[in-house]
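# Results of the structural survey
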Amino acid sequence: AWLEDDTAATQDPPPVATTQDPPPDGGGGVAVAEMERGVVVLNNGEKMPLLGLGTWKSSDGSVKAAVTSAVECGYRHIDCAAIYGNEIEVGEALSGLFAAGTVSRSDLWVTSKLWNSMHASADVEKAVDKTLADLGLDYLDLYLVHWPVTGVKGERLSPPIEETWKAMETLVDKGKCKSIGVSNFSLKKIVAMKEYWRIPPAVNQVELHPLWRQDGLIQGCKDLGVHVTAYSPLGSPDSADMFGHSGRSLMKHPVVLDVAEKASKTVAQVLIKWALDRGTSVLPKSSNPDRIRANFDVQDWCLDPDLFAKLSAVEPQSRMLHGEFWLNPSGPYKTLADLWDDDD
Ligand code: NDP
(Lines give C-alpha, C1' and ligand atoms only; values in the text may rest on other atoms or scores of the structure.)
Protein backbone atom coordinates (compact mmCIF):
# COMPACT_ATOMS: atom_id res chain seq x y z
CA ALA A 1 0.00 0.00 0.00
CA TRP A 2 1.24 3.47 -0.82
CA LEU A 3 1.19 4.68 2.78
CA GLU A 4 3.57 1.93 3.71
CA ASP A 5 5.79 2.39 0.67
CA ASP A 6 9.22 1.54 1.97
CA THR A 7 11.03 3.25 -0.88
CA ALA A 8 10.50 6.34 1.26
CA ALA A 9 12.46 4.82 4.10
CA THR A 10 15.48 4.16 1.93
CA GLN A 11 15.89 7.76 0.84
CA ASP A 12 17.99 10.26 2.70
CA PRO A 13 16.00 12.74 4.76
CA PRO A 14 16.36 16.40 3.84
CA PRO A 15 18.90 18.44 5.76
CA VAL A 16 17.65 19.34 9.18
CA ALA A 17 17.87 23.04 9.89
CA THR A 18 19.30 24.09 13.21
CA THR A 19 20.23 27.41 14.69
CA GLN A 20 23.86 26.55 13.78
CA ASP A 21 22.83 26.12 10.16
CA PRO A 22 21.47 29.51 9.08
CA PRO A 23 19.35 29.56 5.92
CA PRO A 24 20.43 31.63 2.93
CA ASP A 25 18.10 34.47 3.87
CA GLY A 26 19.55 34.56 7.37
CA GLY A 27 16.05 34.81 8.67
CA GLY A 28 15.63 31.60 10.62
CA GLY A 29 14.02 29.66 7.79
CA VAL A 30 14.02 25.88 7.72
CA ALA A 31 14.56 23.04 5.32
CA VAL A 32 11.63 22.82 2.93
CA ALA A 33 9.31 19.91 3.61
CA GLU A 34 9.49 17.38 0.80
CA MET A 35 6.73 15.18 -0.51
CA GLU A 36 7.24 11.49 -1.09
CA ARG A 37 4.73 8.85 -2.05
CA GLY A 38 2.24 8.62 0.81
CA VAL A 39 4.35 10.56 3.27
CA VAL A 40 5.66 14.05 3.72
CA VAL A 41 9.21 14.50 4.95
CA LEU A 42 8.94 17.22 7.55
CA ASN A 43 11.57 19.89 8.19
CA ASN A 44 13.17 17.69 10.88
CA GLY A 45 13.42 14.63 8.62
CA GLU A 46 10.46 12.80 10.21
CA LYS A 47 8.12 11.12 7.73
CA MET A 48 4.44 11.76 8.34
CA PRO A 49 1.77 9.72 6.50
CA LEU A 50 -0.29 12.15 4.44
CA LEU A 51 -3.70 10.64 5.18
CA GLY A 52 -4.80 10.44 8.80
CA LEU A 53 -7.97 9.63 10.69
CA GLY A 54 -9.64 12.56 12.50
CA THR A 55 -11.09 11.80 15.94
CA TRP A 56 -12.96 14.99 16.91
CA LYS A 57 -16.52 14.11 17.93
CA SER A 58 -15.71 10.40 17.69
CA SER A 59 -16.80 9.52 21.17
CA ASP A 60 -19.30 7.58 23.24
CA GLY A 61 -17.77 4.26 22.49
CA SER A 62 -17.26 4.88 18.76
CA VAL A 63 -13.65 6.00 18.59
CA LYS A 64 -12.08 2.71 19.67
CA ALA A 65 -13.79 0.88 16.81
CA ALA A 66 -13.00 3.74 14.41
CA VAL A 67 -9.28 3.75 15.19
CA THR A 68 -9.13 -0.04 15.10
CA SER A 69 -10.81 -0.35 11.74
CA ALA A 70 -8.77 2.53 10.32
CA VAL A 71 -5.45 0.93 11.25
CA GLU A 72 -6.67 -2.47 10.08
CA CYS A 73 -7.46 -1.07 6.64
CA GLY A 74 -4.11 0.73 6.33
CA TYR A 75 -4.24 4.16 7.99
CA ARG A 76 -0.95 4.89 9.73
CA HIS A 77 -1.77 8.35 11.11
CA ILE A 78 -4.26 9.18 13.88
CA ASP A 79 -5.09 12.78 14.80
CA CYS A 80 -6.04 13.27 18.45
CA ALA A 81 -6.36 16.11 20.96
CA ALA A 82 -6.80 16.32 24.70
CA ILE A 83 -9.88 18.51 24.27
CA TYR A 84 -11.65 15.80 22.21
CA GLY A 85 -12.12 13.96 25.52
CA ASN A 86 -11.55 10.54 23.97
CA GLU A 87 -7.81 9.89 24.23
CA ILE A 88 -8.29 7.07 26.78
CA GLU A 89 -10.49 5.26 24.29
CA VAL A 90 -8.06 5.93 21.44
CA GLY A 91 -5.37 4.47 23.70
CA GLU A 92 -7.44 1.33 24.24
CA ALA A 93 -7.62 0.89 20.48
CA LEU A 94 -3.87 1.43 20.08
CA SER A 95 -2.91 -1.04 22.80
CA GLY A 96 -5.20 -3.63 21.21
CA LEU A 97 -3.63 -3.05 17.80
CA PHE A 98 -0.08 -3.27 19.18
CA ALA A 99 -0.92 -6.43 21.15
CA ALA A 100 -2.47 -8.04 18.07
CA GLY A 101 0.60 -7.17 15.99
CA THR A 102 -1.54 -5.23 13.49
CA VAL A 103 0.93 -2.38 13.62
CA SER A 104 4.05 -1.56 15.58
CA ARG A 105 4.44 1.71 17.45
CA SER A 106 7.19 2.85 15.12
CA ASP A 107 4.94 2.33 12.08
CA LEU A 108 2.13 4.50 13.43
CA TRP A 109 2.01 8.29 13.50
CA VAL A 110 0.09 9.74 16.45
CA THR A 111 -0.59 13.46 16.78
CA SER A 112 -2.10 15.21 19.79
CA LYS A 113 -2.64 18.83 20.78
CA LEU A 114 -1.95 21.07 23.75
CA TRP A 115 -5.16 22.69 24.94
CA ASN A 116 -5.50 26.43 25.40
CA SER A 117 -5.71 26.35 29.20
CA MET A 118 -2.30 24.62 29.43
CA HIS A 119 -0.07 27.20 27.74
CA ALA A 120 1.92 28.18 30.84
CA SER A 121 5.46 26.85 30.91
CA ALA A 122 4.76 24.76 34.01
CA ASP A 123 1.64 23.23 32.45
CA VAL A 124 2.91 22.11 29.03
CA GLU A 125 4.76 19.03 30.26
CA LYS A 126 1.87 18.11 32.59
CA ALA A 127 -0.46 18.29 29.58
CA VAL A 128 1.68 16.03 27.40
CA ASP A 129 2.20 13.59 30.26
CA LYS A 130 -1.58 13.31 30.69
CA THR A 131 -2.08 12.78 26.96
CA LEU A 132 0.70 10.16 26.85
CA ALA A 133 -0.82 8.34 29.85
CA ASP A 134 -4.30 8.45 28.30
CA LEU A 135 -3.04 7.19 24.95
CA GLY A 136 -0.79 4.60 26.61
CA LEU A 137 2.26 5.85 24.68
CA ASP A 138 5.71 6.91 25.72
CA TYR A 139 6.14 9.46 22.93
CA LEU A 140 4.03 11.39 20.45
CA ASP A 141 5.02 11.71 16.83
CA LEU A 142 3.64 15.23 16.74
CA TYR A 143 2.35 17.61 19.41
CA LEU A 144 0.60 20.79 18.28
CA VAL A 145 -0.28 24.01 20.06
CA HIS A 146 -4.02 23.64 19.33
CA TRP A 147 -4.76 27.39 19.06
CA PRO A 148 -2.57 30.49 19.35
CA VAL A 149 -4.98 31.62 22.02
CA THR A 150 -3.42 33.41 24.91
CA GLY A 151 -6.60 34.69 26.46
CA VAL A 152 -9.80 32.70 26.78
CA LYS A 153 -13.08 33.95 28.16
CA GLY A 154 -13.74 32.41 31.55
CA GLU A 155 -10.21 31.13 31.90
CA ARG A 156 -7.12 32.85 33.21
CA LEU A 157 -5.00 34.56 30.62
CA SER A 158 -2.18 32.35 29.47
CA PRO A 159 1.33 33.52 28.55
CA PRO A 160 2.78 34.72 25.26
CA ILE A 161 3.29 32.09 22.57
CA GLU A 162 7.06 32.36 23.09
CA GLU A 163 6.82 30.87 26.60
CA THR A 164 4.59 28.05 25.39
CA TRP A 165 6.81 27.29 22.41
CA LYS A 166 9.98 27.11 24.54
CA ALA A 167 8.21 24.58 26.78
CA MET A 168 7.17 22.63 23.66
CA GLU A 169 10.82 22.55 22.52
CA THR A 170 11.88 20.94 25.80
CA LEU A 171 9.42 18.11 25.11
CA VAL A 172 11.48 17.27 22.01
CA ASP A 173 14.70 17.47 24.05
CA LYS A 174 13.20 15.01 26.54
CA GLY A 175 12.03 12.61 23.83
CA LYS A 176 8.35 13.00 24.69
CA CYS A 177 7.54 14.32 21.19
CA LYS A 178 9.41 13.65 17.97
CA SER A 179 7.98 16.71 16.23
CA ILE A 180 6.18 19.82 17.42
CA GLY A 181 3.96 22.21 15.54
CA VAL A 182 1.06 24.59 15.67
CA SER A 183 -2.59 24.68 14.67
CA ASN A 184 -4.89 27.54 13.70
CA PHE A 185 -1.86 29.83 13.37
CA SER A 186 -1.83 32.65 10.84
CA LEU A 187 1.28 33.11 8.71
CA LYS A 188 2.05 36.31 10.64
CA LYS A 189 2.04 34.44 13.95
CA ILE A 190 4.42 31.78 12.58
CA VAL A 191 6.75 34.40 11.12
CA ALA A 192 6.82 36.11 14.54
CA MET A 193 8.02 32.83 16.07
CA LYS A 194 11.23 33.03 13.99
CA GLU A 195 12.51 35.55 16.52
CA TYR A 196 12.81 32.89 19.20
CA TRP A 197 12.33 29.42 17.80
CA ARG A 198 15.13 26.92 18.38
CA ILE A 199 13.02 24.20 16.78
CA PRO A 200 10.76 25.54 14.02
CA PRO A 201 7.21 24.19 13.85
CA ALA A 202 7.09 21.12 11.60
CA VAL A 203 3.38 21.50 10.85
CA ASN A 204 0.55 24.05 10.87
CA GLN A 205 -2.81 22.24 11.03
CA VAL A 206 -5.64 24.46 9.76
CA GLU A 207 -9.12 24.37 8.25
CA LEU A 208 -8.81 23.63 4.52
CA HIS A 209 -11.36 22.51 1.94
CA PRO A 210 -12.68 23.94 -1.33
CA LEU A 211 -14.82 26.51 0.52
CA TRP A 212 -11.76 27.72 2.50
CA ARG A 213 -8.66 27.17 0.40
CA GLN A 214 -6.17 29.52 2.09
CA ASP A 215 -3.74 29.49 -0.86
CA GLY A 216 -1.69 32.33 0.63
CA LEU A 217 -1.24 30.59 3.97
CA ILE A 218 -0.19 27.35 2.28
CA GLN A 219 2.39 29.12 0.11
CA GLY A 220 3.72 31.17 3.03
CA CYS A 221 4.11 28.07 5.20
CA LYS A 222 5.80 26.27 2.33
CA ASP A 223 8.30 29.11 2.02
CA LEU A 224 9.07 28.71 5.74
CA GLY A 225 9.40 24.91 5.48
CA VAL A 226 6.27 24.38 7.58
CA HIS A 227 4.06 21.59 6.25
CA VAL A 228 0.31 22.32 6.22
CA THR A 229 -2.31 19.76 7.27
CA ALA A 230 -5.96 20.13 6.25
CA TYR A 231 -8.56 19.70 8.97
CA SER A 232 -12.31 19.46 8.34
CA PRO A 233 -11.59 18.41 4.73
CA LEU A 234 -15.20 17.35 4.22
CA GLY A 235 -16.54 20.61 5.62
CA SER A 236 -17.23 19.04 9.04
CA PRO A 237 -20.91 18.34 8.36
CA ASP A 238 -21.55 17.12 11.90
CA SER A 239 -20.43 20.39 13.45
CA ALA A 240 -22.86 22.37 11.28
CA ASP A 241 -25.28 22.97 14.13
CA MET A 242 -22.50 23.86 16.53
CA PHE A 243 -21.06 26.47 14.20
CA GLY A 244 -24.17 27.51 12.31
CA HIS A 245 -22.90 26.73 8.80
CA SER A 246 -25.56 24.22 7.84
CA GLY A 247 -26.59 26.41 4.89
CA ARG A 248 -23.28 25.89 3.08
CA SER A 249 -22.65 22.21 3.34
CA LEU A 250 -19.57 21.40 1.31
CA MET A 251 -20.63 17.82 0.64
CA LYS A 252 -23.83 19.03 -1.00
CA HIS A 253 -22.25 21.83 -3.03
CA PRO A 254 -23.29 21.43 -6.70
CA VAL A 255 -19.73 21.76 -8.02
CA VAL A 256 -18.49 19.14 -5.58
CA LEU A 257 -21.35 16.79 -6.49
CA ASP A 258 -20.63 17.32 -10.18
CA VAL A 259 -16.89 16.61 -9.75
CA ALA A 260 -17.65 13.42 -7.82
CA GLU A 261 -20.04 12.23 -10.49
CA LYS A 262 -17.60 12.98 -13.33
CA ALA A 263 -14.76 11.25 -11.44
CA SER A 264 -17.02 8.29 -10.60
CA LYS A 265 -15.90 8.60 -6.98
CA THR A 266 -17.64 9.51 -3.75
CA VAL A 267 -17.86 13.14 -2.70
CA ALA A 268 -15.55 12.42 0.25
CA GLN A 269 -12.99 10.72 -1.99
CA VAL A 270 -12.70 13.65 -4.39
CA LEU A 271 -12.38 16.10 -1.47
CA ILE A 272 -9.64 14.00 0.13
CA LYS A 273 -7.85 13.54 -3.20
CA TRP A 274 -8.03 17.28 -3.87
CA ALA A 275 -6.39 17.96 -0.51
CA LEU A 276 -3.58 15.48 -1.24
CA ASP A 277 -3.08 16.86 -4.75
CA ARG A 278 -2.53 20.31 -3.21
CA GLY A 279 0.41 18.92 -1.24
CA THR A 280 -1.33 19.03 2.12
CA SER A 281 -1.83 16.13 4.47
CA VAL A 282 -5.47 15.51 5.27
CA LEU A 283 -7.51 14.26 8.24
CA PRO A 284 -11.01 13.05 7.32
CA LYS A 285 -12.97 11.96 10.39
CA SER A 286 -15.40 9.08 10.32
CA SER A 287 -16.78 6.66 12.89
CA ASN A 288 -18.26 4.41 10.23
CA PRO A 289 -16.05 1.47 9.13
CA ASP A 290 -17.34 1.51 5.54
CA ARG A 291 -16.70 5.23 5.19
CA ILE A 292 -13.31 4.91 6.93
CA ARG A 293 -12.32 2.31 4.34
CA ALA A 294 -13.73 4.25 1.38
CA ASN A 295 -12.00 7.47 2.50
CA PHE A 296 -8.67 5.63 2.40
CA ASP A 297 -9.22 4.45 -1.16
CA VAL A 298 -7.62 7.45 -2.80
CA GLN A 299 -4.29 6.12 -3.99
CA ASP A 300 -4.71 4.19 -7.23
CA TRP A 301 -6.47 6.83 -9.28
CA CYS A 302 -5.92 10.44 -10.31
CA LEU A 303 -8.18 13.43 -10.16
CA ASP A 304 -8.39 14.87 -13.64
CA PRO A 305 -6.70 18.32 -13.73
CA ASP A 306 -9.93 19.92 -14.96
CA LEU A 307 -11.82 18.49 -12.00
CA PHE A 308 -9.05 19.58 -9.63
CA ALA A 309 -9.35 23.08 -11.11
CA LYS A 310 -13.12 23.08 -10.61
CA LEU A 311 -12.74 22.25 -6.93
CA SER A 312 -10.11 24.96 -6.71
CA ALA A 313 -12.55 27.59 -7.93
CA VAL A 314 -15.55 26.98 -5.67
CA GLU A 315 -17.03 30.13 -4.20
CA PRO A 316 -17.75 31.79 -1.85
CA GLN A 317 -14.74 31.43 0.39
CA SER A 318 -15.26 31.63 4.11
CA ARG A 319 -13.95 29.83 7.15
CA MET A 320 -16.26 27.58 9.11
CA LEU A 321 -14.38 27.68 12.41
CA HIS A 322 -14.11 31.41 13.07
CA GLY A 323 -12.77 31.01 16.59
CA GLU A 324 -14.91 33.86 17.90
CA PHE A 325 -15.17 31.99 21.20
CA TRP A 326 -11.51 32.79 21.88
CA LEU A 327 -11.81 36.56 21.60
CA ASN A 328 -11.24 38.30 24.91
CA PRO A 329 -11.33 42.03 25.63
CA SER A 330 -8.53 41.53 28.19
CA GLY A 331 -6.39 39.33 25.95
CA PRO A 332 -4.28 39.90 22.86
CA TYR A 333 -7.05 38.82 20.47
CA LYS A 334 -9.93 41.23 20.76
CA THR A 335 -11.23 40.79 17.20
CA LEU A 336 -11.19 38.06 14.58
CA ALA A 337 -8.65 40.14 12.65
CA ASP A 338 -6.33 39.93 15.69
CA LEU A 339 -6.75 36.16 15.73
CA TRP A 340 -6.35 35.44 12.03
CA ASP A 341 -4.30 38.48 10.95
CA ASP A 342 -6.55 38.61 7.87
CA ASP A 343 -4.89 35.61 6.22
CA ASP A 344 -6.71 34.61 3.06
P1 NDP B 1 -14.61 16.30 8.48
O2 NDP B 1 -14.56 17.38 7.48
O3 NDP B 1 -13.58 15.24 8.48
O4 NDP B 1 -16.05 15.64 8.41
C5 NDP B 1 -16.42 14.62 9.29
C6 NDP B 1 -17.89 14.32 9.03
O7 NDP B 1 -18.04 13.78 7.71
C8 NDP B 1 -18.52 13.34 9.98
O9 NDP B 1 -19.86 13.76 10.17
C10 NDP B 1 -18.52 12.03 9.20
O11 NDP B 1 -19.60 11.23 9.63
C12 NDP B 1 -18.72 12.53 7.79
N13 NDP B 1 -18.11 11.64 6.81
C14 NDP B 1 -16.87 11.09 6.85
N15 NDP B 1 -16.64 10.35 5.76
C16 NDP B 1 -17.76 10.42 5.02
C17 NDP B 1 -18.13 9.86 3.78
N18 NDP B 1 -17.30 9.08 3.09
N19 NDP B 1 -19.38 10.14 3.31
C20 NDP B 1 -20.22 10.93 4.01
N21 NDP B 1 -19.92 11.50 5.18
C22 NDP B 1 -18.69 11.25 5.69
O23 NDP B 1 -14.72 17.00 9.91
P24 NDP B 1 -13.87 17.29 11.20
O25 NDP B 1 -14.23 18.67 11.59
O26 NDP B 1 -14.03 16.19 12.16
O27 NDP B 1 -12.34 17.35 10.73
C28 NDP B 1 -11.54 16.21 10.62
C29 NDP B 1 -10.50 16.13 11.73
O30 NDP B 1 -9.64 17.25 11.71
C31 NDP B 1 -11.09 16.17 13.14
O32 NDP B 1 -11.75 14.98 13.49
C33 NDP B 1 -9.87 16.50 13.94
O34 NDP B 1 -9.07 15.34 14.10
C35 NDP B 1 -9.21 17.54 13.03
N36 NDP B 1 -9.65 18.92 13.39
C37 NDP B 1 -8.71 19.75 13.98
C38 NDP B 1 -9.06 21.02 14.37
C39 NDP B 1 -8.04 21.90 14.98
O40 NDP B 1 -8.42 22.94 15.57
N41 NDP B 1 -6.78 21.58 14.87
C42 NDP B 1 -10.43 21.56 14.20
C43 NDP B 1 -11.31 20.64 13.51
C44 NDP B 1 -10.91 19.38 13.12
P45 NDP B 1 -19.37 9.69 10.13
O46 NDP B 1 -18.42 9.75 11.27
O47 NDP B 1 -20.74 9.28 10.53
O48 NDP B 1 -18.84 8.95 8.93
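Residues numbered from 1 in each chain as written. Predicted model: local features only at pLDDT ≥ 70, side-chain atom pairs only at ≥ 80, totals over all residues. Heavy atoms only, no water.

A separate point is the pattern of salt bridges. The final tally for this structure, using the stated rule, is 15 salt bridges. A salt bridge links Arg105 to Asp141; its shortest N-O distance comes to 2.8 Å. Taken together, the residues span a long stretch of sequence, with Arg105 in the loop between helix 3 (87-100) and strand 6 (109-114) and Asp141 in strand 7 (residues 140-145) at a distance of 36 residues. Residue Arg105 is classed as buried on the basis of its relative accessible area, which comes to 14%. Taken together, the shared-partner salt bridges connect Glu125, Asp129, Lys174 and Lys176 into one network. (Salt bridge = Lys/Arg side-chain N within 4 Å of Asp/Glu carboxyl O. Helix = DSSP H or I, 4+ residues; strand = E, 2+ residues; numbered from the N terminus. Buried < 20%, exposed > 50% of the residue type's maximum accessible area, 1.4 Å probe, protein only.)

The next subject is the site of the ligand. Of all residues adjacent to the ligand, which total 30 residues, the nearest are Asp79, Ser232, Ser236, Ser286 and Arg291. Here an oxygen atom of the ligand and a side-chain polar atom of Ser232 are 2.8 Å apart. Note that an oxygen atom of the ligand is positioned 3.3 Å from one of the backbone N or O atoms of Pro233. Expressed as a share of its isolated accessible area of 900 Å², the protein-covered part of the ligand is 89%. (Near = heavy atom within 4 Å. Polar contact = N/O pair within 3.5 Å; in protein donor to acceptor, adjacent residues only side chain to side chain. Areas by Shrake-Rupley, 256 points an atom, 1.4 Å probe, with all protein chains shown as cover.)

This part takes up the packing of aromatic side chains. Any pair of aromatic rings gets described here by the distance separating the centres and the angle formed by the planes. Scanning the entire structure with this criterion turns up 4 aromatic pairs. Centroid distance Trp274 to Phe308: 6.4 Å. Interplanar angle 35°. Geometry classified as tilted. Of this pair, Trp274 sits in helix 10 (residues 267-277) while Phe308 is found in helix 12 (residues 305-311), placing the two residues 34 residues apart along the sequence. When the ring centre of Trp56 is taken as origin, the NZ or CZ atom of Lys57, which lies over that ring, is 4.0 Å away. The ring of Tyr139 has Lys178 lying over it, and the distance from NZ or CZ to the ring centre is 4.7 Å. (Phe/Tyr/Trp six-rings, centres within 6.5 Å; stacked < 30°, edge-to-face > 60°. Lys NZ or Arg CZ within 6 Å of the ring centre and 35° of its normal.)

It is worth spelling out the confidence of the model for the protein at this point. Per-residue confidence for the protein gives a mean pLDDT of 86; residues scoring 70 or more make up 84%. Note that pLDDT drops below 50 for residues 1-32; the model gives that stretch 54 contacts with residues more than four away or on any other chain. Reported for the predicted complex are a pTM of 0.90 and an ipTM of 0.99. (pLDDT = per-residue confidence, 0-100. Contact = heavy atoms within 4.5 Å.)

Okay, the environment of Ala337 next. Inspection of the secondary structure puts Ala337 in helix 13 (residues 336-340). Judged by its relative accessible area of 33%, Ala337 is partly exposed. Between the C-alpha atoms of Ala337 and Ala99, which are 238 residues apart in sequence, the distance is 48 Å.

By the secondary structure assignment, Asn43 is in the loop between strand 2 (39-41) and strand 3 (47-49). At 3.0 Å, the side chain of Asn43 forms a polar contact with the backbone oxygen of Pro201.

Its 14 residues place the ends of helix 3 20 Å apart at the C-alpha level, agreeing with the 20 Å of an ideal helix rising 1.5 Å per residue. Turning to helix 3, its buried residues number three or more, namely Glu87, Glu89, Val90, Gly91, Ala93, Leu94 and Leu97. Buried-residue contacts for helix 3 involve helix 2 (63-72), strand 5 (77-79), strand 6 and helix 4 (121-135). Gly101 occupies a position one or two residues after helix 3 and carries a positive phi of about 75°. (Expected span 1.5 Å × (residues − 1).)

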